[in-house]
Amino acid sequence: MTKVRTRFAPSPTGFVHIGGLRTALYNYLFAKRHAGTFILRIEDTDRTRFVEGATENLIHALDWAGLVPDEGPSSGGDYGPYYQSQRTGLYQKYARDLLDKGYAYYAFDTPEEIESMREKVRQAGAPPPKYDFHVRLNMRNSLTLGETEVQKLLDEGTPYVIRLKIPEDRTFDVEDKIRGRVSFNSSQVDDQVLIKSDGYPTYHLANIVDDHLMDITHVIRGEEWLSSVPKHLYLYECFGWQSPVMAHLPLILNPDKSKMSKRDITSLDDMPSGKVDPDVASYIKKGYEPEALINYIALLGWNPGEGDERQIFPVHDLVQEFSLERVNKAAAVFDLKKLDWINSQHISLKDTKELVERIKPQLAGKGIVPESDEYLVRVVDLLKTRMSFIDQFVTLGEYFFCEPEQYDPVTVKKRWKDDSVKLILEFIEEISKLEMFDKAGMEQALHRVAERNDAGAGRIIHPIRLAVSGTGVGPGLYELLEVLGRETVINRLKKGIKDIPKMKQ
RNA sequence: GUCCCCUUCGUCUAGUGGUCAGGACUCAGGAUUUUCAUUCCUGCAACAGGGGUUCGACUCCCCUAGGGGAUGCCA
């Protein structure tokens, strides 16, 4: 069997679409699953849309996501160049070949002429006309003009395009890996421009030529390409090449089921209702873990199958289990809530040491120097299951490193009672006597105070947490106290009973 | 308009003729001998509609509706 080769072939428009990332992911997974090669090819044949830095941005996003191409602009490879803009000679050559064989023709119509043709028909009837077999004999092209006239126009340097001459009544069938058999009739297909008047190829020509020359075995791309398949199939036929296996992926939609568009969005924290940001860079910036985003979008259209109810997949497992047969046909809605949950799951699963290293700079940025690595490890262990994002660490756990400067007013109002001072004083007394300042001892101490005062544990727990951390939420109280240490706890409790009552006045 | 694709809980989905239609997120309630944003448990909630085929349809066929894509010298 030939070696699997897949390609991700984005056009560098300036940002990476979340759907594009998923396409890249599926191409990557499929290639890796079959010990094949994953290729990045830049489809930059639209010079009017050239965006400075777009390719770098693209490569950076793939890199971040861990989808590093085996071949591509920054990886090299034997099938380069990997920029289509650097392959124009090739496309010219193959277009000429089509011309010679009569599969394609020159067309000299200006955009204005075509527009006026369309306008005329539009006014006469209803259906907006295509440049196809209905109209091609009424236009200015090498089918209607005669050889000498064509040669003359060419010699004069008249702008022209090369169009594919689609046969009139043909059926094209594709056996799509995801959708099964799909058929098209050529009567619905227009005479696609192959070479534009600026000499650059269109996507349709370039992708066929490159996929063939680069030995691509499987074309995995978005559903928006499905209706172009007959053109592509016909091109393969004209060239006498074998078509790669095709798989058309479903779309990813906004919560309101519209297409995800960059236009809708200003920032990830401020999205119009029903919309979601399609720009991968926004997710990077917001602090999502790459594995989490990958995990989430993998599940947006793929699942491991019957009886397998896992939600959390390391990339390695995805590679192991991915198959095109298990990709869904229907479009999926992007759900930020589930992404966030998956992100928190991945953080919980991370090695504490790794988290510690990533958290250090965060602390340093706040001017916080932990007393020791060992202490930091204990704090991270306590908090890692509670973080949705790693950059929440300081907000969540600042009190582990500095005395609280203020007490959350809502919690004060809700939890601080008239007897709080008394209860805390008794608690201080109890823990001062403790032989071992540990969870068990603290729990017993607390319950002794509770019983003695005929109060629920909560009546003491809440004020203690508040005095010690300044907040109403956090890890288990006993663990929290244990990590903080006796001296700190007692100091903070004393400070709390002095300062918090002032807030109640 | 035409062509193509799609349609199971709010969302992601399992399911390939006989299931109490399962799981996950969200939400609600509860438990951890009454912290919480962790963990655990419970609950709410779906086969778009109509025709067939069949002893029997979420599963197969047809129609309708809805959604999406294409219809460019953009990809």
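Being a predicted model, the structure only gives us computed values, none of them experimental.

## Observations concerning the sheet that holds strand 4 (residues 161–164)
The antiparallel open sheet is built from 3 strands, whose spatial order is 3-4-7. One side of each edge strand has no neighbouring strand; the edge strands of this open sheet are strand 3 (104–107) and strand 7 (193–195). Across the sheet, the axes of successive neighbouring strands diverge by a mean angle of 40 degrees, strand direction being ignored. Where strand 3 and strand 4 come together, 4 bridges link them in antiparallel fashion. Its bridge partner lying in strand 4, Y105 is registered against R163.

## Details of the confidence of the model for chain A
Per-residue confidence for chain A averages 91 on the pLDDT scale, and 98% of its residues sit at or above 70. This complex was scored by the predictor with a pTM of 0.93 and an ipTM of 0.94.

## Things to note about the domain arrangement of chain A
For chain A, the assigned domains read domain 1 (5–58 + 66–71 + 208–252), domain 2 (88–195), domain 3 (268–347), domain 4 (351–388) and domain 5 (409–504). Taking only C-alpha atoms into account, the centre of domain 1 sits 41 Å from that of domain 4.

## Considerations on the protein's contact with RNA strand B
Close contacts around RNA strand B come from 65 residues, with R49, R179, R386, R465 and G476 the closest. The sugar-phosphate portion of RNA strand B accounts for 73% of its atoms within 4 Å of the protein, the bases making up the rest. At 3.5 Å, a side-chain N or O of N328 approaches a sugar or linking oxygen of RNA strand B. For RNA strand B, a sugar or linking oxygen lies 3.1 Å from a polar atom in the side chain of T385. Breaking the surface near RNA strand B down by element, the ones donating at least two residues are helix 4 (111–124), strand 4, strand 6 (180–185), strand 11 (332–333), helix 11 (336–349) and helix 18 (457–469).

## Things to note about unusual backbone geometry
Of note, the phi angle at A35 is positive, near 55 degrees, even though the residue is not glycine. Within the secondary structure layout, A35 lies in the loop between helix 1 (18–33) and strand 2 (37–40). Owing to a relative accessible area of 60%, A35 belongs among the exposed residues under this scheme. At D215, a position not held by glycine, the phi torsion is positive, near 55 degrees.

## Quick notes on the packing of helix 3 (residues 88–101) against helix 6 (residues 203–213)
If you want to describe how two helices pack, look at the angle between their axes and the distance between the axes. Look at helix 3 against helix 6: their axes get within 10 Å of each other, and the N-to-C directions meet at 100 degrees. In terms of orientation, helix 3 lies roughly perpendicular with respect to helix 6. In contact with L90, Y91, Y94 and A95 of helix 3, helix 6 contributes L205, A206, V209, D210 and L213. Residues belonging to the contact of helix 3 with helix 6 are distributed by class as follows: 8 nonpolar, no polar and 1 charged.

## Things to note about helix 3
In this model, helix 3 (14 residues) spans 20 Å end to end at C-alpha, consistent with the 20 Å of a helix rising 1.5 Å per residue. Every buried residue of helix 3 is listed here: Y91, Y94, A95, L98 and L99. Seen end-on, helix 3 carries its buried residues on one side only, within an arc spanning 150 degrees. Seen from the open side of helix 3, the exposed residues pointing more than 90 degrees away from its buried face are G89, K93 and D100. Those residues of helix 3 hidden inside the fold are in contact with strand 3, strand 4, strand 7, helix 6 and helix 7 (229–239).

## Examining the pairing of strand 5 (residues 171–176)
Residue alternation in strand 5 divides its side chains into a buried set, F172, V174 and D176, and an unburied set, T171, D173 and E175. Note that strand 5 and strand 6 share 6 bridges and pair antiparallel. Paired with E175 across the two strands is R181, which belongs to strand 6. Here strand 5 folds back onto strand 6, and the loop between the two strands holds 3 residues.

## Notes on the pattern of salt bridges
Throughout the structure, instances matching the rule amount to 39 salt bridges. R181 is the partner of E175 in a salt bridge, and the nearest nitrogen-oxygen pair spans 3.4 Å. Residue classification places R181 among the exposed positions, given a relative accessible area of 56%. Of the charged contacts in the structure, one is a salt bridge between K495 and D499, with a shortest N-O distance of 3.6 Å. Pair noted here: K495 and D499 are both in helix 20 (residues 486–504), with a separation of 4 residues, about one helical turn. Residue D499 is classed as buried on the basis of its relative accessible area of 18%.

## So, the packing of aromatic side chains
The tally for this structure, following the rule as stated, stands at 20 aromatic pairs. Relative to F108, the ring of Y106 lies with its centre 6.4 Å away and its plane at 20 degrees, an arrangement referred to as stacked. A single burial state applies to Y106 and to F108, both of which are buried. Between W302 and F313, the aromatic rings sit 5.8 Å apart at their centres with planes inclined by 75 degrees, giving edge-to-face as the arrangement. Of this pair, W302 sits in the loop between helix 9 (290–299) and helix 10 (315–321) while F313 sits in the loop between helix 9 and helix 10; the two residues are 11 residues apart in sequence, bridging distant segments of the chain. For the pair shown, W302 and F313 are each scored as buried. An aromatic cluster is defined as three or more aromatic residues linked by ring pairs; in this entry it consists of Y283, Y288, Y296, F334 and F389. Lying across the ring of Y79, R5 places its NZ or CZ 3.8 Å from the centre. Against the face of Y131 rests R163, its NZ or CZ located 3.6 Å from the ring centre.

How each quantity is defined
- Residues numbered from 1 in each chain as written.
- Chains lettered and ligands numbered in written order.
- Predicted model: local features only at pLDDT ≥ 70, side-chain atom pairs only at ≥ 80, totals over all residues.
- Heavy atoms only, no water.
- Pairing = 2+ DSSP bridges.
- Helix = DSSP H or I, 4+ residues; strand = E, 2+ residues; numbered from the N terminus.
- Axes fitted to C-alpha atoms, helices over the stretch in contact; angles between N-to-C directions.
- pLDDT = per-residue confidence, 0-100.
- Domains from an automatic or database assignment.
- Near = heavy atom within 4 Å.
- Polar contact = N/O pair within 3.5 Å; in protein donor to acceptor, adjacent residues only side chain to side chain.
- Buried < 20%, exposed > 50% of the residue type's maximum accessible area, 1.4 Å probe, protein only.
- Parallel < 35°, antiparallel > 145°, perpendicular 65-115°, else oblique.
- Contact = heavy atoms within 4.5 Å.
- Nonpolar A, V, L, I, M, F, W, Y, C, P; charged D, E, K, R; others polar.
- Expected span 1.5 Å × (residues − 1).
- Arc of directions from axis to C-beta.
- Salt bridge = Lys/Arg side-chain N within 4 Å of Asp/Glu carboxyl O.
- Phe/Tyr/Trp six-rings, centres within 6.5 Å; stacked < 30°, edge-to-face > 60°.
- Lys NZ or Arg CZ within 6 Å of the ring centre and 35° of its normal.

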